[in-house]
Amino acid sequence: MSEGSREHTELTPRSFASFSVMMLGLGLLSVGFSVIDTAMVAPFGLVPVAAIGLGESVVSLLLAFFVGFIDVFTARLARAEGAGQSDRVFPELLRAYLIVVGLMELLAVVVAAAVWVVLPLVVSDHALADAARQYAAVRLLGVALVAALAGVREALKIVGARTGSLAVYAVGLGMNAALNAVFLYVIPGALAGAATVAVAMATLVAQLFMTIIGGILLRRHLAVREFVPPSAANVREQVHTMVTRGAGVGVRHLNDYAGNTIPFVMAGTLGVTWVAASTAASTIWTLFCRVPQACFGAAFVFYGYVSENGGAVAREVRRRITVYSAIPMAVAVVVFLALSPALIWILTAGNLDTQTGMIMVAAFFIVVVPYFFGGLNGELLSVLEDGGFMSWTSTLTTWLGNIGFAAFGIFVLHSAFWAFALAVIPTIVLGSAFTWRLNHLTNRPMSLSQA
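In short, a report on the structure. (Residues numbered from 1 in each chain as written. Predicted model: local features only at pLDDT ≥ 70, side-chain atom pairs only at ≥ 80, totals over all residues. Heavy atoms only, no water.)

Points about a nonpolar patch on the surface
- On the surface, a cluster of nonpolar side chains totalling about 540 Å² of accessible area is made up of Val171, Leu208, Phe209, Ile212, Ile213, Ile216 and Leu217.
- By the secondary structure assignment, isoleucine 216 is in helix 7 (residues 195-221). (Patch = residues over 30% accessible without salt bridge, like charges linked within 9 Å, V, L, I, M, F, W, Y side chains within 5 Å. Areas by Shrake-Rupley, 256 points an atom, 1.4 Å probe, with all protein chains shown as cover. Salt bridge = Lys/Arg side-chain N within 4 Å of Asp/Glu carboxyl O. Helix = DSSP H or I, 4+ residues; strand = E, 2+ residues; numbered from the N terminus.)

Right under this line is the structure:
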């Protein structure tokens, strides 16, 4: 039996920084897919551009929920790798995850059918509704590919092939652009001339090749290891617990998505100026969040390596990754706030008053401290698969807190600033709840199978 070198599981400032930079690169590359798709359909008019935005919001909503299952798979693999027992756990975990991926696809088919019927009923522009549902249907029918690719990506990171994970996405981004060009300009007749269908198909084909390439890299990296044949009973137990706990974790991600998007819908009642200011500020905040999210992703993995031990070891690793994450985030806050006036000008082509834009930037950044503790400790709770606690606390703080305060700010105070700034209250509550819960669970050792 050979587990190979386990140096990649050791937490040092250098290893954490290296992993975080890789996660940042993955985040930027992932954003690149939608940017390229939007840019390449722009010559076909505003309808396909708007349709991709609308369709992608539907796809992202479902994928936000599915992240919970990916998190559970990743956490279990990290615990096994950290304990030196992936030779036993990985085969059964892989089979269980593939079964769960199949269940995800079944749900995605149901959602695709619902979207096909519902979108024309809620979107008044028939051309936009038809283009959006075509894009969403194609993407949703390929959800299994998205989940499989995510599993390969996470496995590559966990077992030490981190540059391979980054390389797969870099190659995939270039492939997506090339396939867009082929489907849009070379063989448009094969897709009935539908630009949204063309880019959706290009994305699916690119994801298929990325999954294959990633699978080959993973197989080669693990070739030196000897794995134990999986037990059917263990696989069934893995599937059961992955579904139940993954759903709870997924609800937390789904609430995060809803809490970020619904206030924008409400802000549309305040006029073009404030919508534009909110959009520019949100874009700056989203770019900034790539930094802490990269750190949170690294923290997830390194905490997963030691979480089976619990107690003093887990507490020490948690303390260190908190410090390692806080430093780059603090630097990023200073940098982005300093650059915000210039970014506002760029994002609005100088058509928005800088003071108005900065007011909205302040509304977003006022939550930065509680956001840090909620985001980091939420990731660590995901390692511990505490989906039940995260689902009900995030549901309450999102729907009664974020969305409730946003409605109060917009419809009562008639202020876009307060609609977003008041989110600091539920963010503090959720961050405090996650921190308390993690303190409570840190002493509990984790089972590799979570049976």
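Next comes the rest of the write-up.
Topic: the nonpolar core
- Core analysis: the largest hydrophobic core is formed by 120 residues, its most contacted members being Phe16, Phe288 and Tyr303.
- For this core, the element with the most residues is helix 9 (residues 272-306), which contributes 17 residues.
- The residues contacting phenylalanine 288, other than those within four sequence positions of it, are Met329, Ala332, Val333, Phe336, Phe365 and Val368.
- Ranked by size, the runner-up nonpolar core spans 17 residues in total, among them Tyr135, Val138, Ala200 and Ala202. (Core = buried A, V, L, I, M, F, W, Y, C linked by side-chain atoms within 4.5 Å. Buried < 20%, exposed > 50% of the residue type's maximum accessible area, 1.4 Å probe, protein only. Contact = heavy atoms within 4.5 Å.)

A few points about the environment of phenylalanine 405
- Here phenylalanine 405 lies in helix 13 (residues 387-412).
- Its relative accessible area of 26% is what places phenylalanine 405 among the partly exposed residues.
- With 19 residues separating them in the primary sequence, phenylalanine 405 and valine 424 have C-alpha atoms 9.8 Å apart.
- Beyond its immediate sequence surroundings of up to four residues, phenylalanine 405 is in contact with Leu400, Ala419, Leu422, Ile425 and Pro426.

Observations regarding the packing of helix 1 (residues 13-41) against helix 7
- Running from N to C, helix 1 and helix 7 point in directions that differ by 150 degrees, and their axes come no closer than 10 Å. As for the relative orientation of helix 1 and helix 7, their crossing is right-handed in sense. Within the contact between the two elements, helix 1 uses Phe33, Asp37 and Val41 and helix 7 uses Ala195, Val199, Thr203 and Met210.
- Its residues assigned to classes, the contact of helix 1 with helix 7 comprises five nonpolar, one polar and one charged. (Axes fitted to C-alpha atoms, helices over the stretch in contact; angles between N-to-C directions. Left-handed = near helix turned anticlockwise from the far one by under 90°. Nonpolar A, V, L, I, M, F, W, Y, C, P; charged D, E, K, R; others polar.)

Describing the environment of histidine 414
- Within the secondary structure layout, histidine 414 lies in the loop between helix 13 and helix 14 (416-421).
- Classification of histidine 414 by relative accessible area gives exposed; the value is 59%.
- When sequence neighbours within four positions are dropped, the list of residues in contact with histidine 414 reads Leu270 and Gly409.

Quick notes on the layout of surface pockets
- The space that makes up the second largest pocket amounts to roughly 330 Å³.
- Phe90, Leu94, Gly215, Leu218 and Arg219 are the residues nearest the centre of the second largest pocket, which is lined by 15 residues in total.
- Elements with a minimum of two residues in the lining of the second largest pocket: helix 3 (86-122), helix 5 (143-158) and helix 7.
- For the lining of the second largest pocket, the residue count by class is twelve nonpolar, two polar and one charged. (1 Å grid on protein atoms, 1.4 Å probe; cavity = no way out; pocket = protein on both sides within 12 Å on 5 of 7 lines; lining within 4 Å. Points joined across faces, edges and corners; volume = space filled by probe spheres on them.)

Some words on the pattern of salt bridges
- On inspection of all chains with the given rule, the structure shows twelve salt bridges.
- Here aspartate 130 makes a salt bridge to arginine 133, at a shortest N to O gap of 3.1 Å. With aspartate 130 and arginine 133 both in helix 4 (residues 126-141) and three residues apart, this pair spans about one turn of that helix.
- The class for aspartate 130 is partly exposed, based on a relative accessible area of 30%.
- Arginine 437 is the partner of aspartate 386 in a salt bridge, and the nearest nitrogen-oxygen pair spans 2.6 Å. Of the two residues, aspartate 386 sits in the loop between helix 12 (368-383) and helix 13 while arginine 437 sits in helix 15 (residues 424-441), which places them 51 residues apart along the sequence. For the pair aspartate 386 and arginine 437, a shared accessibility class is recorded, and that class is buried.
- A single salt-bridge network, built from bridges that share partners, covers Arg76, Arg79, Arg245 and Glu385.

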